[in-house]
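Residues per chain, in single letters:
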Amino acid sequence: MPAIALILAAGMGTRMRSRLAKVLHPVLGWPMVQHAAHACQQAGLAVRVVVNHQEEAVRAALGPLGVEFSRQSSPLGTGHAVACALPDLPAEGTLLVLPGDAPLLRSETLAALLAAHDQALCTCLSMELPDPAEYGRIVREGQAVRIVEAVHLDPTERAALREVNSGIYAFDLAFLHEVLPGLRPHPPKGELYLTDVLELASERGGARVILHRGPPEELLGVNDRWALSQAEGLLGERLKRQHALAGVSFQDPASTRVEVEVQLGEDVVIGPGCVLRRGTRIQSGVEVGPHCVLADCEVASGARIEAHSVVQGAKIASGAVVGPFARLRPGAELRAGARVGNFVEVKNAVLEEGAKANHLAYIGDARIGARANIGAGTITCNYDGYRKHRTEIGEDAFIGSNSALVAPVKIGARTIVAAGSVLTREVPDDALALGRAPQVNKEGMARDLRARSAELARRAAELARGEKEGRNG
Ligand code: UD1
Ligand code: CA
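Residues numbered from 1 in each chain as written. Chains lettered and ligands numbered in written order. Predicted model: local features only at pLDDT ≥ 70, side-chain atom pairs only at ≥ 80, totals over all residues. Heavy atoms only, no water.

### A short note on the domain arrangement of the protein chain
It is common to report an interface's size as the accessible area lost on association of the parts. When its domains are assigned, the protein chain resolves into domain 1 (4-219) and domain 2 (246-433). Placing the centre of domain 1 and that of domain 2 at their C-alpha centroids yields a distance of 48 Å. Taken together, the contacts link four residues of domain 1 with six residues of domain 2. Across the domain 1 to domain 2 interface the summed buried area is about 450 Å²; carbon plus sulfur atoms make up 58%. Contact with domain 2 buries surface across domain 1, with Leu28, Gly29 and Trp30 losing the most and accounting together for 92% of the total. Seen at the junction of domain 1 and domain 2, the total is zero salt bridges. Residue classes in the side of domain 1 that touches domain 2 are distributed as two nonpolar, two polar and no charged. (Domains from an automatic or database assignment. Contact = heavy atoms within 4.5 Å. Buried area = accessible area lost by both parts, 1.4 Å probe. Salt bridge = Lys/Arg side-chain N within 4 Å of Asp/Glu carboxyl O. Nonpolar A, V, L, I, M, F, W, Y, C, P; charged D, E, K, R; others polar.)

In structure tokens form, the structure reads like this:
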């Protein structure tokens, strides 16, 4: 019978000091508990999750993974959590139990634990730590083995014991069904400890403790915010290393964040200070300049992202150039050779082949035809305070600087729009549109105005002098 994994995710996580349940805190783009579920699924295990605190949110977060849930009536400890799931589990077979707060755990380690478990009653995965802090300690006395929680240690045990419980175990299900109902609550909080099951198995000669061979960080249990930061750092390092070994250059890995579900092709170069969020997909050979933030986007080979650009929910084709200092929002699509330069924002808009908006523009809810040029300061006025409207610009159009295109509006192919225009009506193909007050020149008037001002100033000075002399004389 294939083993089943049970993830304990019902606790409050008080030590996080957060309104958000601990297992929902994100670690590089996934809620912590999703990392645990993912590792189990990678190991080929069916997953069941014990929920209680913020149950609906935990169910929603894991729903898409196709896992099952059991409900812990109230969070009375890890032993109680497993006991609450027992009615939903088979009478016999192997059950893998793991906490929802171990986001670095790898599927290989779970598989190794199951292999080591074989037919034992309880197999616990342990690790050795220089400073075991809050972890439960493994206590070995001859053949007997048990776990003592940190709060129950006396000072000599605290100083001596370095081997700790990772909180990850394999159990014989028939044995669990038999012994779990008999667990006794522990002071001070009256919790039922799952750790007690190891001692019960030991009494029957069926307990194993397997020391984890790899680096102990993998079994890190996140109880507080500092451990959360460490988990993000360590997992980030692992992900960046994987990408690097697959052909990606990170110019400054320490300042670069790479989340889960990021795809990077060979010869991708990532500049210092970049943040690559979940769903970023970059094809081979693309260079991303320093300090860019990318999320949920597609960048094709031959495109370039220059420094300080923010790209979210966008699609960038080969030969397109973004930035420096550009912002692409969801629905932005740059076709081959399109260009979006500094301080240009694009939202829900397509720039067709070779279209350009090089400086200071807002393009929202629009389609810009091939090779069209959008001058500096151009705004698609897409919002009338109530609804959003579209702007259509034909191919080879030239939009002069500082134009306001009041949507809904259509500007034909090969048109020229004079700088500073405010356009509210359709412009037919090949037309020149002037949407501004006509210019008026008054010949010589500047010179006359200056002369008049000078004359007035002279007379005022004369008057002032006359008054002063009158008073003195
Ligand atoms: C637990 C172990 C400890 C081990 C450590 C490893 C016990 C008694 N202690 O301590 O020996 O070294 O993990 O990280 O098991 N949970 C529930 N329901 C509850 C309580 C907890 O579902 O009533 C869940 C939590 O959501 C969490 C997991 O169980 O995901 C572990 O709980 P936590 O409070 O973090 O246990 P530790 O104190 O770390
Ligand atoms: Ca923990």
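Let us keep going from here.
### Some thoughts on the site of ligand 1
Leu8, Gly77, Thr78, Glu149 and Asn165 are the nearest of the 24 residues found near ligand 1. Note that an oxygen atom of ligand 1 is positioned 3.1 Å from one of the side-chain N or O atoms of arginine 15. Measuring from an oxygen atom of ligand 1, one finds a side-chain N or O atom of lysine 22 at 3.1 Å. With the chains in place, 89% of the 760 Å² that ligand 1 exposes on its own is no longer accessible. If you list the elements that add at least two residues to the shell around ligand 1, you get α3 (78-85) and β10 (163-172). Looking at the shell around ligand 1, the element that brings in the most residues is β10, giving three residues. (Near = heavy atom within 4 Å. Polar contact = N/O pair within 3.5 Å; in protein donor to acceptor, adjacent residues only side chain to side chain. Areas by Shrake-Rupley, 256 points an atom, 1.4 Å probe, with all protein chains shown as cover. Helix = DSSP H or I, 4+ residues; strand = E, 2+ residues; numbered from the N terminus.)

### Considerations on the coordination of the calcium ion (ligand 2)
Donor atoms from the polypeptide that bind the calcium ion (ligand 2) are Asp101 (OD) and Asn223 (OD1), placed at 2.3 to 2.4 Å. Here asparagine 223 lies in the loop between β11 (207-211) and α8 (225-245) and aspartate 101 lies in the loop between β6 (94-99) and α4 (107-117), a separation of 122 residues in the sequence. Neither aspartate 101 nor asparagine 223 differs from the other in exposure class; each is buried. (Donors = N, O, S within 2.8 Å, 3.2 Å for Na, K, Ca; no water. Buried < 20%, exposed > 50% of the residue type's maximum accessible area, 1.4 Å probe, protein only.)

### Notes on unusual backbone geometry
Residue proline 188 follows proline 187 across a cis peptide bond; omega there is 0 degrees. Relative to the helices and strands, proline 188 is located in the loop between α6 (173-179) and α7 (196-203). Residues glycine 323 and proline 324 are joined by a peptide bond in cis, for which omega reads 0 degrees. Tracing the chain through its elements places proline 324 in the loop between β24 (321-322) and β25 (327-328). Of note, the phi angle at histidine 291 is positive, near 60 degrees, even though the residue is not glycine. Relative to the elements of secondary structure, histidine 291 occurs in the loop between β18 (287-288) and β19 (293-295). Judged by relative accessible area, which is 42%, histidine 291 ranks as partly exposed. Phi at leucine 360 is positive, roughly 45 degrees, even though this residue is not glycine.

### Looking at the pattern of salt bridges
Where side chains of opposite charge bring their charged atoms close, a pairing between them can arise. Enumeration over the complete set of coordinates arrives at 32 salt bridges. Lysine 22 is the salt-bridge partner of aspartate 101, the closest N and O atoms lying 2.9 Å from each other. Separated by 79 residues along the polypeptide, aspartate 101 in the loop between β6 and α4 and lysine 22 in the loop between β1 (4-8) and β2 (26-27) bring together distant segments of the chain. Using a relative accessible area of 11% as the deciding quantity, one classes aspartate 101 as buried. Bridged by salt links that share partners, the residues Glu333, Arg335, Glu352, Arg367, Arg390 and Glu392 form one connected network.

### Quick notes on a nonpolar patch on the surface
On the surface, Phe398, Ile416, Leu432 and Leu434 cluster together to form a nonpolar patch covering roughly 400 Å² of accessible area. Mapped onto the elements, leucine 432 comes out in strand β37 (residues 432-433). (Patch = residues over 30% accessible without salt bridge, like charges linked within 9 Å, V, L, I, M, F, W, Y side chains within 5 Å.)

### A closer look at the layout of surface pockets
In this model, the second largest pocket occupies a volume close to 450 Å³. In terms of lining residues, the second largest pocket is bounded by 20 residues, among which Trp30, His38, Arg238, Leu239 and Gln242 are the most central. Listed by contribution, the elements that provide at least two residues to the lining of the second largest pocket are α1 (32-42), α4 and α8. Of the residues in the lining of the second largest pocket, the class split is nine nonpolar, six polar and five charged. Taken domain by domain, the lining of the second largest pocket gets at least three of its residues from each of domain 1 (4-219) and domain 2 (246-433). (1 Å grid on protein atoms, 1.4 Å probe; cavity = no way out; pocket = protein on both sides within 12 Å on 5 of 7 lines; lining within 4 Å. Points joined across faces, edges and corners; volume = space filled by probe spheres on them.)

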